[in-house]
Amino acid sequence: MHKYRIKGLILVALSLISSPLFAIYSTALMNLKPLDIDSIGFDGDIQYALRSSLDKRSEVNIMTRREMESELFNQGIAIGSSFDDAIVSGRSLGVEFVIYGDVMMSEAGIKSNISLVDIKNARLAKKWELTFTGRTEINEKGPLLADTLIKAMAVSVKEAANLAAAKAAMPVIKEKLLQNFTSKSVETGISVEWQASKPETISLYNLYRSNNQHGPFTQIAQVESNSYLDSQVEDKQTYFYKLAVVLKETNKQAEDVSITEVKFKDVRQVNRPFTPTILNVETLVRSAEITFVPNLDNPANNHLIQKYKIYRLKAGLSNWLHVGTIKINTKEPKLSYVYKDKNNIEDGASYSYAVSAVNQLGKESKLSGTEVFISPSTPVLSIAKDLQLREVELAWQIESASGGFYIYRRQKGTTIWQRIGAVKQNTIRGFIDRKDLKDDTQYEYYISLYNKGQETEPSNIVTATTKGLPARAEALSAESDLVKSVKLTWRKMDDADVAGYKLYRMEDDGDGFQEGDQLTLVHTINGGTTTEFTDTGTNGNTLKDGTTYHYAIAAMNKFSARGELSFIATATTKSLPKAVETLTAIGQSGSIALQWSEPLSQDIKYFHLYRKWDKQNWRAIAKLTVEARSYADSDLKPYAQTQYKLVAEDNSGLLSADVLSESITSPAELSLKLEADNLLRKITISWQAQKNITGYKIYRKQVAQASWKNIKTFESSDVSRYTDTQVFDGIQYEYKLTAIDGYLETPSSNIILAKTKPLPNPPVEFKAASGLVKQVNLSWKPSTDPDIAGYHIYRIDGNEADKIETIDHRKISKFTDKGSLFSSLKDGREYGYRISAFNKFEAEGLRSEIITATTKSLPDSVKQLTLNYTQSTIQVSWAANLEADITQYILERSTGKSCLLWRGVTKTAEVQFVDTDVKAGEFYCYRVKAKDKDNLESEKWAEASLSTQ
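Just so you know, these numbers come straight off a predicted model, no measurement behind them.

Procedures and definitions
Residues numbered from 1 in each chain as written. Predicted model: local features only at pLDDT ≥ 70, side-chain atom pairs only at ≥ 80, totals over all residues. Heavy atoms only, no water. Helix = DSSP H or I, 4+ residues; strand = E, 2+ residues; numbered from the N terminus. Rg over C-alpha atoms; globule rule 2.2 N^0.38 Å. Contact = heavy atoms within 4.5 Å. Areas by Shrake-Rupley, 256 points an atom, 1.4 Å probe, with all protein chains shown as cover. Lys, Arg positive; Asp, Glu negative; His and termini not counted. Charge placed at Lys NZ, Arg CZ, Asp CG, Glu CD. Disulfide = S-S within 2.5 Å. Buried < 20%, exposed > 50% of the residue type's maximum accessible area, 1.4 Å probe, protein only. Core = buried A, V, L, I, M, F, W, Y, C linked by side-chain atoms within 4.5 Å. Pairing = 2+ DSSP bridges. Axes fitted to C-alpha atoms, helices over the stretch in contact; angles between N-to-C directions. pLDDT = per-residue confidence, 0-100. Phe/Tyr/Trp six-rings, centres within 6.5 Å; stacked < 30°, edge-to-face > 60°. Lys NZ or Arg CZ within 6 Å of the ring centre and 35° of its normal. Expected span 1.5 Å × (residues − 1). Polar contact = N/O pair within 3.5 Å; in protein donor to acceptor, adjacent residues only side chain to side chain.

Enquirer: A description of the overall build of the protein chain should follow, citing residues and the corresponding values.
Expert: From N to C terminus, the protein chain includes 6 helices and 68 strands. Relative to its length of 949 residues, the protein chain is extended, with a C-alpha radius of gyration of 61 Å against a globular reference of 30 Å. If you line up the protein chain on its principal axes, its C-alpha atoms span 170 × 135 × 55 Å. Contacts in the protein chain between residues at least 24 apart in sequence constitute 63% of all its contacts with a sequence separation of at least 6. Just so you have it, the protein chain exposes about 48,800 Å², and 47% of that area is on carbon and sulfur atoms. Treating the 118 positive side-chain charges of the protein chain as one cloud and the 117 negative ones as another, the clouds have centres 3 Å apart.

Enquirer: Report on the state of the cysteines, specifying residues and quantitative values.
Expert: According to the stated counting rule, one finds 1 disulfide in the structure shown. At a sulfur-sulfur separation of 1.6 Å, the disulfide partner of Cys899 is Cys925. Highlighted residues: Cys899 in the loop between strand E64 (886-895) and strand E65 (903-908) and Cys925 in strand E67 (residues 923-932), separated in sequence by 26 residues.

Enquirer: I'd like a rundown of unusual backbone geometry, residues and numbers included.
Expert: Phi angles above zero are rare outside glycine, and Lys484 is one such case at about 50°. Looking at the element boundaries, Lys484 is found in the loop between strand E29 (477-479) and strand E30 (486-489). Classification of Lys484 as partly exposed rests on a relative accessible area of 27%. Located in the positive-phi region is Glu842, a residue other than glycine, with phi close to 65°.

Enquirer: Could you give an account of the nonpolar core, with specific residues and numbers?
Expert: Ile46, Leu54, Ile99 and Leu116 are the most contacted members of the largest nonpolar core, which has 30 residues in total. Among the elements of the structure, strand E1 (25-34), helix H2 (42-55), strand E2 (60-62), strand E3 (97-106), strand E4 (109-118), strand E5 (123-132) and helix H5 (135-169) are those that each provide at least two residues to this core. Per element, the largest residue contribution to this core is 8 residues, and it comes from H5. The contact partners of Leu116, leaving out residues within four places of it in the chain, are Phe97, Val98, Ile99, Arg123, Leu124, Ala125, Lys126, Trp128, Leu149, Ala152 and Met153. One finds Trp194, Val223, Ala254 and Tyr311 within the second-largest nonpolar core, a separate group that totals 24 residues.

Enquirer: Any chance you could break down the sheet that holds strand E38 (residues 583-588) for me, citing the residues and the numbers?
Expert: Strand order in this open sheet of 3 strands is E38-E39-E42, and the pairing throughout is antiparallel. Both edges of this open sheet fall to E38 and strand E42 (630-633), since each of them pairs with a single strand only. With strand direction ignored, the average angle separating the axes of adjacent strands in the sheet is 20°.

Enquirer: Explain the confidence of the model for the protein chain to me, using residue names and the numbers behind them.
Expert: Across the protein chain, pLDDT averages 86, with 94% of residues at or above 70. Mean pLDDT per element in the protein chain: helix H1 (residues 7-17) is the minimum at 28, and E30 is the maximum at 95. Note on residues 1-22: pLDDT under 50 across the span, and 39 contacts to partners over four residues away in sequence or across chains.

Enquirer: An account of the packing of aromatic side chains is needed here, citing residue identities and associated values.
Expert: According to the stated counting rule, one finds 17 aromatic pairs in the structure shown. The residue whose ring lies beneath Lys701 is Trp708, and the NZ or CZ to ring-centre distance is 5.4 Å. In this arrangement the basic side chain of Lys736 is found over the ring face of Tyr699, its NZ or CZ atom lying 5.7 Å from the centre.

Enquirer: Can you lay out H2 for me, pointing to particular residues and giving the numbers?
Expert: In this model H2 runs 20 Å from its N-terminal to its C-terminal C-alpha over 14 residues, within 8% of the 20 Å that 1.5 Å per residue would give. Among all positions of H2, only Phe42, Asp43, Ile46, Gln47, Ala49, Leu50, Arg51, Ser53 and Leu54 are buried.

Enquirer: Report on the side chain of Asp497, specifying residues and quantitative values.
Expert: Summarising the element assignment, Asp497 is placed in the loop between E30 and strand E31 (498-507). Polar contacts involving the side chain of Asp497 include one to the side chain of Lys467, which spans 2.7 Å. Aside from chain neighbours lying at most four places away, what touches Asp497 is Leu389, Lys467, Met556, Asn557 and Lys558.

Put into structure tokens, the structure is as follows:
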């Protein structure tokens, strides 16, 4: 586009076409109508992929399906799938854009036509023909299609704004301006030609196109020539063209009344591959990235694509330029291709891109739909502010920008440019240079726009100057007779960039300050408004007493660069006072007494008393008036080597030299004593708490042992008592104590003896009761010792002693031995018993003497068993047992000489029985045994037999 011909129009248009892609476009997604039964379901898949991808984008505010259906239902409008339906629904919903389309199955897969309608301008913004192999590819292409839709929305807004701006800037004058205006279908599109009646009066031609004779017409080109090839047409479609011109004299647009009509017939359709679809053209500096997708109808129709050709059309020209080719080396096409165009793209120029496919027969498809690309222009640089302290502020203007900016600088008079900064945000239009600038220096600058490694041409060069060094500080003065210090004052400087001052000093060498003497930098004073400073020395070294010093000062800016030195100022510090002749220290009970002589100087105000222990640092302990001649120090450290020093302070705060005492040993000592012993596994000791230590260490050993063991360390000086529980029964121990102070340990205290409680004795009155059936009752007197936890009971059977019971209570006094679960006590058996006590630590004491008891014996076997047979009866009799507690006799009988099968006959307390159940000629056996009241039975039967023959 030639800016010099329609400058006013271009400025208006550029201000409008800068509509950003990050604007929020209100959008409604209508139906994708399935055109055959096989495509039902895929319409929902495509809608879901598209809606979910648009929902994630901040540039689009897409209505939910429920909101759209509810609003249209309330207005009585059905959701359609045509251009007219989209216009009606979009206006009813109040959105800017509506998306609709259809879906059908083809040999190549799922084919979908998607249309984007600009509701505000009642125009078809763009239409896409897409093919998907299945649901996976639908989901994969969703984000890419969403990005393409958003870019198309931005372009539509720009085109509408451009058209509106052009119409607003140029009143339309309809008249007959052309002698000839024709259009015809050619192989590559529709060729439109015209001849102006007065070509010398016309600067530009604006060509418009519509699918309807009555419009609306959309501008498709702006050219200087008398012809234009419209390649963006479809086979068997009818198009209407009209022309407007821009008059040179008035720079106004005049519209010709002529309309030409033509129907395009694509003669290359035979064996011609299907057209790819451009998804996106990314704006880069001096380059553009074109992203497009193959047409999946090509493989299905035996078109083997060999390459893709990329075309570019510069605004104002009529011919497409072939700028690049992508060769295909595989039969399987990619999902998308990207081509980067770097061929002679001018800064600030507007271009359109189209893509075609070439098959194995060399047949080329028609050009794809175009995408508009505006190359970023060169920035215009200016100085926003200079003459600042090591700072230059730049500003620039640029019509549109995508990417960032590089800033270049060189010192004026030099030839090498240096890149000093980068601004990554393309919305920023300023930069402050603070990088390694010098004071009072001129610099030259230029900038460029960059994007993905490409830069625009350099901008214009601008020159800026930095601020000079601060002026000289005036009226410097120095005050004498101050203690180890000199107070300096000077006049305030009227310069906001003065950040402080640098102070220089020289100690007088006896000749005063002479020309050529060297001053040394001793202080950097912060604060530009500061007008005074007291010099007390540097690097830990104070000023000397009674010494003359010479000073100069210089103002410094915020970068510590100083101006010229001031004139010299001189001052002398005050001399030191004298203290006392002697200081003595004498140890006594609980304190150390200090005494000193009269002061040697007259203006003494205070005495400062200091103390140190061993090799530790000095510590101030008292500040005394000048009348004091003694001091008692009761704040002692045990066993420490203690020394003191006295310092005199005069009325000016000056301190004299130190006066030291002799070092003496502290009278404070450790004293350990026994608090409690003869306790169960514990011993308590105590001591008097000491000051000025960090803790204690307690040592212990058995009396018979040689080495001591540290059993406890306290990290506090407040502790004065300790109970040792890691001891054993009946052992005598020795204890000693030391104090600790950090890593130091004092000598030990006195040694004390202590003994623990012995193991417990067995309980007394231990007894065992005999004559019991299969058991022995034991009893004893319970122990009254509270440290006793219980008792162990042992049974002695023969030569073996077994622990048969542990009683976990001190107050229990009896126990019955019934044997074990698997072995009870035997009848008439003597058993021995012992008992012992154990303490709360389960330590067992001595066992008692053995006591014995015998269990009850079994009844004796029956004696004198006799049998008498008389007239079918047998009389059985026996002698009575001598035991007094026999309760019955058990009589049993067996038939046959074997005497094997016994059966009970009777259980009786009598000593005889008459058996009437007998037969002649039989052999009978009888047996009997005794049973006492405890159900004990004789161990053996008494037996007898006879024959009844």
